[in-house]
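Each chain, letter by letter, is given below.
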Amino acid sequence: MSDNNSGKENWKKGVEKLLKGGKAESLNRQSPEGFEIQALYDSEDVSKRNTDPGYPGEFPFTRGPYSSMYTQRPWTIRQYAGFSTAEESNKFYRQALEKGQKGLSVAFDLATHRGYDSDHPRVVGDVGKAGVAIDSVEDMKILFDGIPLDKMSVSMTMNGAVIPIMAAYIVAAEEQGVSPEQLSGTIQNDILKEFMVRNTYIYPPQESMRLVSDIIEYTSEKMPRFNSISISGYHMQEAGADSALELAFTLADGLEYVKTAVESGLDVDAFAPRLSFFFAIGMNFLMEVSKLRAARTLWAELMKEHFQPKNQKSLMLRTHCQTSGWSLTAQDPLNNVVRTTIEAMAAVLGGTQSLHTNSYDEAISLPTETSSRIARNTQTIIQEETDITHTVDPLGGSYAIESMTHDLKEKAKTIINEVMEMGGMAKAIEEGYPKRKIEEAAAIKQAGIDKGDITIVGVNKYVNEKEDPVDILDIDNTGVRDGQVNLIDEIKAKRDKVATKEALLAITEAAKSGEGNILDLAVEATRKRATVGEISTALEQAWGRHTATNQTIKGVYESVYKSDKGYQEIKSKIDAFSEEEGRRPRILVVKMGQDGHDRGAKVVATAFADMGFDVDVGPLFSTPEEAAKQAIENDVHVIGVSTLAAGHKTLIPDLVKILKKEEAGDIIIVAGGVIPVQDYDFLYEAGVSAIFGPGTNIPKAASKVIDEIRAQKA
């Protein structure tokens with residue numbers, strides 16, 4: 001120990017000499033999670049934290065839920081995919097399976113997520129755009145045509161319309177000759193996080209939790225190989241949460257679900273072994289490795305403390321991971337291949353059970369066949385061309401990793417305790433606590449990027465003078481919708497209308513009474529050829545649709561800039577406009593269609609408000625008609641349309657037409673988000689004044705918007 005102390009003292013002297021006369025006081029850094037990242041860790045740091053990672057497969061499972069981990073069986077390679085029609089998605093799945101993919105992970109379009117059939121007027125711009133359109137069991141049967149569901153593990157990311165989608169999957173398998181007990185896979189079924197970040201909810205929180213409980217009950221009785229819930233932190237990180245917030249809120253969600261199931265009468269050991277988790281993996285490599293290890297440790301401790309399960313498997317946290325979509329850049333997009341590889345390595349070295357790797361072009365459009373192949377092969381290369389799978393937890397014992405695992409666990413535990421003091425996650429969500437914390441973290445990070453404190457290669461540093469165009473996948477939204485509507489009409493014409501109506505009425509009555517298992521009833525309705533939209537509406541008739549309240553945080557974005565000269569110049573420019581016009585520039589920030597990802601919209605709203613704009617935030621899921629009405633009533637100068645799900649070519653032109661019809665064509669329209677460069681001219685011709693792609697510096701965007709307002713008035 002004395003030699004170690006001597007070595008550390010010599011190191012400190014060397015550092016002090018290095019820093020002497022410089023601006024930095026220390027090589028240590030403050031992490032986004034709020035604790036110090038040391039420039040050097042040693043055995044003393046591990047010892048003082050009193051941390052013992054133990055062995056893989058043993059409580060508290062820090063080093064992995066299974067003793068052999070990848071040495072016997074590598075993680076499952078999944079590719080989250082779905083687009084256009086069931087036929088097109090089926091073709092993609094079968095090709096991927098032939099090329100080494102081991103499990104299916106289904107992406108549904110936003111109309112399906114929100115419980116609307118493709119013929120509903122609110123989803124004109126959403127059908128088939130950001131996932132596959134599923135309106136009935138007939139679509140589900142086509143989706144899995146030629147794919148034996150008794151042999152293939154299927155993961156489905158679905159929360160809002162989780163009941164009709166699960167029912168369609170069960171009946172599609174049944175008509176393929178596969179019984180429910182033979183099915184394996186995972187349904188996300190994590191509605192709490194939807195109220196925090198992703199927003200593809202349908203019903204109010206309390207009623208939504210009933211559906212979660214009914215699915216857990218149904219699967220525990222009839223689908224023993226199927227995971228009834230995937231508790232997701234992924235969308236929290238995508239919305240701006242740091243690793244501690246993502247970890248804490250995800251595990252707190254998990255505790256809430258377990259509590260709900262136990263209170264409904266289920267034994268914890270009857271379902272807890274089939275719970276799974278889902279984490280995002282971003283670019284902070286060491287922190288992401290530590291996060292997965294801390295998650296396993298903390299979950300085991302929390303489950304043991306709160307529920308005392310008898311089965312050790314009830315203490316195991318098993319997780320799927322996906323590389324970050326937010327970290328992908330539209331600028332110099334081939335850099336994203338490197339980003340995704342780094343993130344995939346972090347997931348693997350952290351001990352994930354399955355993994356999806358994003359395609360390099362997903363900041364621009366839906367992935368092409370080429371980009372999907374590169375993403376999939378990234379995992380195959382790690383599995384089969386490296387020695388990473390030859391040893392369990394290869395980073396275990398690292399002074400840095402063990403220390404960071406401990407510190408992250410303790411930070412997350414503090415946040416979870418705060419949530420528990422509020423009465424649990426459902427209560428905390430009602431109070432807006434997790435949403436506010438995540439939005440604050442997102443605003444701080446974006447300000448750091450805009451200011452240049454956080455480097456994004458190709459965006460705010462080492463920027464290319466000229467960007468080469470990238471091939472994109474463009475979906476014919478109108479053609480897909482027409483085809484889906486025809487199939488819906490055909491199904492409704494052939495079915496027994498009376499039997500279908502009775503089955504739907506039974507769902508509504510069960511929702512009102514609190515009696516019966518709603519998934520069981522939905523399976524029966526699906527057999528009668530009730531559609532996804534009809535089953536969703538049957539529940540809506542009992543419970544209504546949930547509408548979130550918008551709130552804009554203030555001062556958080558500006559706190560990072562403080563006395564930055566360029567930022568103050570833009571504020572002065574906005575103040576000058578206000579003096580000239582007698583009022584502040586006013587912008588309506590709006591999301592149209594069924595896309596609930598609102599990180600970009602919220603950050604823009606917060607930043608523009610801090611810079612001096614009057615900011616109105618439109619309700620989620622607005623139609624062009626609703627956006628135009630709000631803009632006119634609030635007398636805004638500008639509508640800022642935030643788009644992520646490829647509906648911009650349908651929805652924005654509709655907005656322009658409505659404004660002109662209402663003699664409000666002088667309202668400027670700007671667009672931001674995931675918009676391929678190939679679509680810019682189309683949008684300019686449609687009447688858009690400015691387009692701000694991913695990575696846009698927000699103060700510069702604000703300056704451009706003021707210039708556009710002045711040009712309009714000139």
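Procedures and definitions
- Residues numbered from 1 in each chain as written.
- Predicted model: local features only at pLDDT ≥ 70, side-chain atom pairs only at ≥ 80, totals over all residues.
- Heavy atoms only, no water.
- Helix = DSSP H or I, 4+ residues; strand = E, 2+ residues; numbered from the N terminus.
- Rg over C-alpha atoms; globule rule 2.2 N^0.38 Å.
- Buried < 20%, exposed > 50% of the residue type's maximum accessible area, 1.4 Å probe, protein only.
- Contact = heavy atoms within 4.5 Å.
- Areas by Shrake-Rupley, 256 points an atom, 1.4 Å probe, with all protein chains shown as cover.
- Lys, Arg positive; Asp, Glu negative; His and termini not counted.
- Charge placed at Lys NZ, Arg CZ, Asp CG, Glu CD.
- Pairing = 2+ DSSP bridges.
- Axes fitted to C-alpha atoms, helices over the stretch in contact; angles between N-to-C directions.
- Core = buried A, V, L, I, M, F, W, Y, C linked by side-chain atoms within 4.5 Å.
- Expected span 1.5 Å × (residues − 1).
- Arc of directions from axis to C-beta.
- Polar contact = N/O pair within 3.5 Å; in protein donor to acceptor, adjacent residues only side chain to side chain.
- 1 Å grid on protein atoms, 1.4 Å probe; cavity = no way out; pocket = protein on both sides within 12 Å on 5 of 7 lines; lining within 4 Å.
- Points joined across faces, edges and corners; volume = space filled by probe spheres on them.
- Nonpolar A, V, L, I, M, F, W, Y, C, P; charged D, E, K, R; others polar.
- Salt bridge = Lys/Arg side-chain N within 4 Å of Asp/Glu carboxyl O.
- Right-handed = clockwise from strand over helix to strand, strands pointing away.
- Phe/Tyr/Trp six-rings, centres within 6.5 Å; stacked < 30°, edge-to-face > 60°.
- Lys NZ or Arg CZ within 6 Å of the ring centre and 35° of its normal.

Student: An account of the overall build of the protein is requested, with residue identities and associated values reported.
Tutor: For the protein, the helix and strand inventory stands at 28 helices and 16 strands. What you see for the protein is a C-alpha radius of gyration of 26 Å, in line with the 27 Å of a compact globule of 714 residues. Along the three orthogonal principal directions, the C-alpha set of the protein runs to about 85 × 75 × 50 Å. Sorting the 714 residues of the protein into buried and exposed places 58% on the buried side. Pairs at least 24 apart in sequence give 79% of the contacts found in the protein among residues at least 6 apart. About 29000 Å² of surface is accessible on the protein, with carbon and sulfur atoms providing 49% of the total. Of the side-chain charges in the protein, 80 are positive and 105 negative, and the distance between the mean point of each set is 2 Å.

Student: Which residues make up the sheet that holds strand 13 (residues 614-617), and what values go with them?
Tutor: Adjacent strands of a sheet form backbone hydrogen bonds with each other and so pair up, either parallel or antiparallel. The strand order across the open sheet built from five strands is 13-12-14-15-16, with neighbouring strands paired in parallel fashion. One side of each edge strand has no neighbouring strand; the edge strands of this open sheet are strand 13 and strand 16 (690-692). Looking at each pair of strands side by side, their axes are set apart by 20 degrees on average, direction ignored. Inspection of the sheet shows strand 14 (residues 638-643) paired to strand 15 (residues 668-673) by six bridges, in the parallel sense. When the sheet's bridge partners are listed, Val641 is paired in strand 15 with Ala671.

Student: Any details on the nonpolar core? Residues and values, ideally.
Tutor: Ranked by internal contacts, the top residues of the largest apolar core, which has 79 residues, are Phe249, Leu251, Trp299 and Met425. Not counting residues up to four positions away in its chain, the partners in contact with Trp299 are Leu251, Gly254, Leu255, Val258, Leu275, Phe277, Ser314, Leu315, Met316 and Leu317. In this structure, Leu149, Tyr218, Ile518 and Ala522 belong to the second largest nonpolar core, which totals 56 residues.

Student: Describe in detail helix 18 (residues 477-494), supporting the description with residues and values.
Tutor: Across its 18 residues, helix 18 extends 26 Å between first and last C-alpha, which sits within 8% of the 26 Å expected from 1.5 Å per residue. Listing the buried residues of helix 18 in full gives Asn477, Val480, Arg481, Gln484, Ile488 and Ile491. When helix 18 is viewed along its axis, its buried side chains cluster within an angular range of 95 degrees and face the same direction. Within helix 18, the exposed residues directed more than 90 degrees away from the buried face are Asn486, Ala493 and Lys494.

Student: Provide a residue-level description of the side chain of Thr352, including the pertinent values.
Tutor: Here Thr352 is to be found in the loop between helix 13 (335-350) and strand 11 (354-356). Taking relative accessible area as the criterion, Thr352 reaches 0% and is therefore assigned buried. Polar contacts involving the side chain of Thr352 include one to the main-chain carbonyl oxygen of Ser354, which spans 2.7 Å. Non-local contacts of Thr352, meaning those with residues more than four positions away in its chain, are made with Tyr70, Trp75, Leu292, Thr319, His320, Cys321 and Ala347.

Student: Break down helix 3 (residues 86-98) for me, with residues and values.
Tutor: Relative to the 18 Å expected for 13 residues at 1.5 Å per residue, helix 3 spans 18 Å between its end C-alpha atoms, a close match to the ideal helical length. Two residues or fewer after helix 3 comes Gly100, characterised by a positive phi angle close to 115 degrees.

Student: Could you give me a rundown of the environment of Ser228, with the residues and numbers involved?
Tutor: Residue position: Ser228 is located in the loop between strand 7 (226-227) and strand 8 (229-232). Residue Ser228 is classed as buried on the basis of its relative accessible area, which comes to 2%. Separated by 140 residues in the primary sequence, Ser228 and Thr368 have C-alpha atoms spaced 31 Å apart. In this structure, Ser228 is in contact with Ile187, Asn189, Ile215, Ile216, Thr219 and Arg274, ignoring residues within four places of it in sequence.

Student: Please give an account of the environment of Tyr433 that cites residues and values.
Tutor: For Tyr433, the location among the structural elements is in helix 17 (residues 433-451). Separated by 11 residues in sequence, Tyr433 and Met422 place their C-alpha atoms 9.5 Å apart. Filtering out sequence-adjacent residues up to four positions away, Tyr433 remains in contact with Phe249, Ile415, Glu418, Val419, Met422 and Ala428.

Student: Help me get a handle on the pairing of strand 14, residues and values and all.
Tutor: The buried fraction of strand 14 is high, at six of six residues. The side-chain alternation of strand 14 yields two buried faces, one formed by Val638, Gly640 and Ser642 and the other by Ile639, Val641 and Thr643.

Student: Before we move on, can you summarise the side chain of Ser136 with the specific residues and values?
Tutor: Along the chain, Ser136 turns up in the loop between helix 4 (110-113) and helix 5 (137-143). Its relative accessible area of 4% is what places Ser136 among the buried residues.

Student: Can you break down the layout of surface pockets residue by residue, with the values?
Tutor: A volume near 460 Å³ is recorded for the second largest pocket. Lining the second largest pocket are 22 residues; nearest its centre among them are Gln206, Glu207, Met209, Arg210 and Thr260. Broken down by secondary-structure element, the contributors of at least two residues to the lining of the second largest pocket are helix 8 (205-222), helix 10 (243-263) and helix 16 (425-430). When grouped by side-chain class, the residues that make up the lining of the second largest pocket number six nonpolar, seven polar and nine charged.

Student: Any chance you could break down the pattern of salt bridges for me, citing the residues and the numbers?
Tutor: Any two side chains of opposite charge can pair, given that their charged atoms come close. Per the stated rule, a full pass over the model turns up 44 salt bridges. Glu580 is the salt-bridge partner of Arg710, the closest N and O atoms lying 3.1 Å from each other. Linking Arg710 in helix 28 (residues 698-713) with Glu580 in helix 23 (residues 565-581), this pair joins segments that are 130 residues apart in sequence. Since its relative accessible area comes to 27%, Arg710 is described here as partly exposed. Relative accessible area serves as the criterion here: at 54%, Glu580 is assigned to the exposed category.

Student: A description of the pairing of strand 9 (residues 275-281) should follow, citing residues and the corresponding values.
Tutor: Counting buried positions along strand 9 gives seven out of seven residues, so the element sits mostly inside the fold. What you see with strand 9 is no split at all: Leu275, Phe277, Phe279 and Ile281 on one side and Ser276, Phe278 and Ala280 on the other are buried throughout. Judged from the four bridges that link them, strand 8 and strand 9 form a sheet pairing that is parallel. Of the residues in strand 9, the one forming a bridge with Ile229 is Leu275. Bridge count between strand 9 and strand 10 (residues 319-323): five bridges; the pairing is parallel. The residue of strand 10 that forms the bridge with Phe279 is Cys321. Between strand 9 and its parallel partner strand 10, the chain crosses via helix 12 (residues 285-307), and the hand of that crossover is right-handed.

Student: An account of unusual backbone geometry is needed here, citing residue identities and associated values.
Tutor: That bond from Phe59 to Pro60 is cis: its omega, 5 degrees, falls within 30 degrees of zero. We note that Phe61 has phi near 65 degrees; this positive angle belongs to a residue other than glycine. You can see Phe61 is positioned in the loop between helix 2 (43-48) and strand 3 (76-81). The exposure class assigned to Phe61 is buried, which follows from its relative accessible area of 0%. Phi at Gln308 takes a positive value of approximately 45 degrees, unusual for a residue other than glycine. Positionally, Gln308 belongs in the loop between helix 12 and strand 10.

Student: Talk me through the packing of aromatic side chains; I want residue IDs and the actual numbers.
Tutor: Scanning the entire structure with this criterion turns up 16 aromatic pairs. Aromatic side chains Tyr201 and Phe621 sit 6.0 Å apart centroid to centroid with 85 degrees between the ring planes, which places their arrangement in the edge-to-face category. With a gap of 420 residues between them, Tyr201 in the loop between helix 7 (191-198) and helix 8 and Phe621 in the loop between strand 13 and helix 25 (624-633) connect regions that are remote in the sequence. As far as the burial class goes, Tyr201 and Phe621 line up, both buried. Seen in terms of ring centroids, Tyr557 and Tyr567 are 6.5 Å apart; in terms of plane orientation they differ by 40 degrees. Their pairing is tilted. Remark: Tyr567 occurs in helix 23 and Tyr557 occurs in helix 22 (residues 556-561); sequence separation between them is 10 residues. Taken individually, Tyr557 and Tyr567 each receive the classification buried, so the pair is uniform in this respect. Taken together, Phe144, Tyr169 and Phe226 form an aromatic cluster joined through their ring pairs. Over the face of the ring belonging to Phe621 we find Arg114, whose NZ or CZ atom lies 3.5 Å from the ring centre. Here the guanidinium or amino end of Lys304 rests over the ring plane of Phe59, the centre of that ring lying 4.4 Å away.

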